[in-house]
Amino acid sequence: MTAPLLESKLSHLPLLHRGKVRDLYAVDDDRLLIVTTDRISAFDVILPTAIPDKGHVLTAISRFWFDRTRNIVPNHLTDDQSLTDIIPDRDERALLEGRSLIVKRLKALPIEAVVRGYLIGTGYKDYQATGAVCGIALPKDLPLAAHLPEPIFTPATKAAVGDHDENIDFDTTVSLLGRQLAEQVRDTAIKLYQQAAKYALERGIIIADTKFEFGLDDQGTLHLIDEALTPDSSRFWPVDQYKTGISPPSFDKQFVRDWLETLDWNKKAPGPQIPADIVEQTRSRYLEAYRLLTGTKLD
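Residues numbered from 1 in each chain as written. Predicted model: local features only at pLDDT ≥ 70, side-chain atom pairs only at ≥ 80, totals over all residues. Heavy atoms only, no water.

1. Observations regarding the overall build of the protein chain
Spelled out, the test is: For the purposes of this entry, the term helix denotes a DSSP run of H or I that reaches at least four residues, the term strand denotes a run of E that reaches at least two, and both are numbered from the N terminus. The atom set for the radius of gyration is the C-alpha atoms, and the globule formula is 2.2 Å times the number of residues raised to the power 0.38. The buried label applies to any residue whose accessible area, calculated with a 1.4 Å probe on protein chains only, is under 20% of its type's maximum; exposed applies above 50%, and partly exposed to all values in between.
Counting its secondary structure elements, the protein chain contains 7 helices and 15 strands. Against the globule reference of 19 Å for 299 residues, the protein chain gives a C-alpha radius of gyration of 19 Å, in line with a compact fold. Reported as C-alpha extents along the three principal axes, the dimensions of the protein chain are approximately 60 × 50 × 40 Å. Buried positions account for 51% of the 299 residues belonging to the protein chain.

Okay, here's the thing in structure tokens:
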């Protein structure tokens, strides 16, 4: 177990943004450094307790999927991932090893490209209210966690830290991106989900849903950015425990959300400290997801 990192502090690079989990630094005009901390958020609140090794798991899983999905869409990783030249301080560099990515500067699109293969979360709430998710009509009387006939694209707006993302329909996506780019994002996201879901299912994991983020380079080429198919951006369910009518047990931070639901907490900052046993059970779920997907254990 590595010492948990709640917040990175680099002396030689300017901090551009501190998100729920990732800290973003400027390297130069063409590159950025993404540092994935061990922070965990729930209900759009960053909790005060870190989950050891979480940042390493998220980074390793993203690298794994970035490599496997190059046949569908390019991603934002640069060819050179060495920190030596950009982080001269050896101690700072040691803290970043295994939890950082050097990426291209791209123009991020203003939506989250969500793909759902199963009916859960806000998608199920929308379905109960309207019979549809983001304007996509679904068959009647589907239970919670139902496997959908085919994956659906249900985009959302990007919210600032502390605010809630809002589901939008495809027409709204077209108004934000233009029709050609909106269709490209939709089709690419669905292809990514289908390829990943098939692979994961063979290894004992159901990817119930996931969200992708995309960006454009100066030539207008679409790139996959941020993270990819991690336990933070997806719902991972163990195949052998899946059944409809319940929210299945998961490898992701749903475990923390479920624990929080037992508390008398208003779901506003500051969040409660996470007890040691919940921290360790959450950590073990992240590590198990990595092991099942890659067939290896995290070093």
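2. Topic: the pattern of salt bridges
Here is the rule: A side-chain nitrogen of Lys or Arg and a carboxyl oxygen of Asp or Glu constitute a salt bridge if their distance falls within 4 Å.
Applying the stated criterion across every chain yields a total of 20 salt bridges. Residue aspartate 67 is joined to arginine 70 by a salt bridge in which the shortest nitrogen-to-oxygen separation is 3.9 Å. Overall, aspartate 67 belongs to the exposed group, its relative accessible area being 54%. Where glutamate 280 meets arginine 283, a salt bridge forms, and the shortest distance between an N and an O atom there is 3.4 Å.

3. Considering the packing of aromatic side chains
To be explicit about the condition: Classification of ring pairs rests on two measures: the distance between centres of Phe, Tyr or Trp rings, Trp counted by its six-membered ring, which must be within 6.5 Å, and the angle between planes, read as stacked under 30 degrees, edge-to-face over 60 and tilted in between.
In the structure shown here, the tally under the stated rule is 10 aromatic pairs. When the centroid spacing of 5.7 Å and the interplanar angle of 85 degrees are considered together, the rings of tryptophan 65 and tyrosine 199 count as edge-to-face. Taken together, the residues tryptophan 65 in helix α1 (residues 54-68) and tyrosine 199 in helix α5 (residues 179-201) connect sequence positions 134 residues apart. Given a relative accessible area of 1%, tryptophan 65 falls into the buried group. Judged by its relative accessible area of 10%, tyrosine 199 is buried. With 5.6 Å between their ring centres and 70 degrees between their planes, tyrosine 118 and tryptophan 237 make a pair best called edge-to-face. Taken as a pair, tyrosine 118 in strand β8 (residues 111-118) and tryptophan 237 in strand β15 (residues 234-238) lie far apart in primary sequence, 119 residues in all.

4. Some words on the packing of helix α4 (residues 170-177) against α5
The condition is simple: What counts as an axis is a line fitted to C-alpha atoms, over the stretch in contact for a helix, and the angles between N-to-C directions run from 0 to 180 degrees. For this classification, under 35 degrees means roughly parallel, over 145 means roughly antiparallel, 65 to 115 means roughly perpendicular, and everything else is oblique. Note on convention: near helix rotated counterclockwise from far helix by under a right angle means a left-handed crossing. Clockwise means right-handed. Residue contacts are defined here by distance: any two heavy atoms, one from each residue, within 4.5 Å place the two residues in contact. Classification used: nonpolar for Ala, Val, Leu, Ile, Met, Phe, Trp, Tyr, Cys and Pro, charged for Asp, Glu, Lys and Arg, polar for all others including Gly.
In the contact formed by α4 and α5, the axes pass within 7 Å of each other and the chain directions differ by 125 degrees. Overall, the two elements α4 and α5 adopt an arrangement that is oblique. Considering how the two elements wind past one another, α4 and α5 form a crossing that is right-handed. Two secondary-structure elements touch here, α4 through Phe170, Thr173, Val174 and Leu177 and α5 through Arg179, Leu181, Ala182, Glu183, Val185 and Arg186. Residues belonging to the contact of α4 with α5 are distributed by class as follows: 6 nonpolar, 1 polar and 3 charged.

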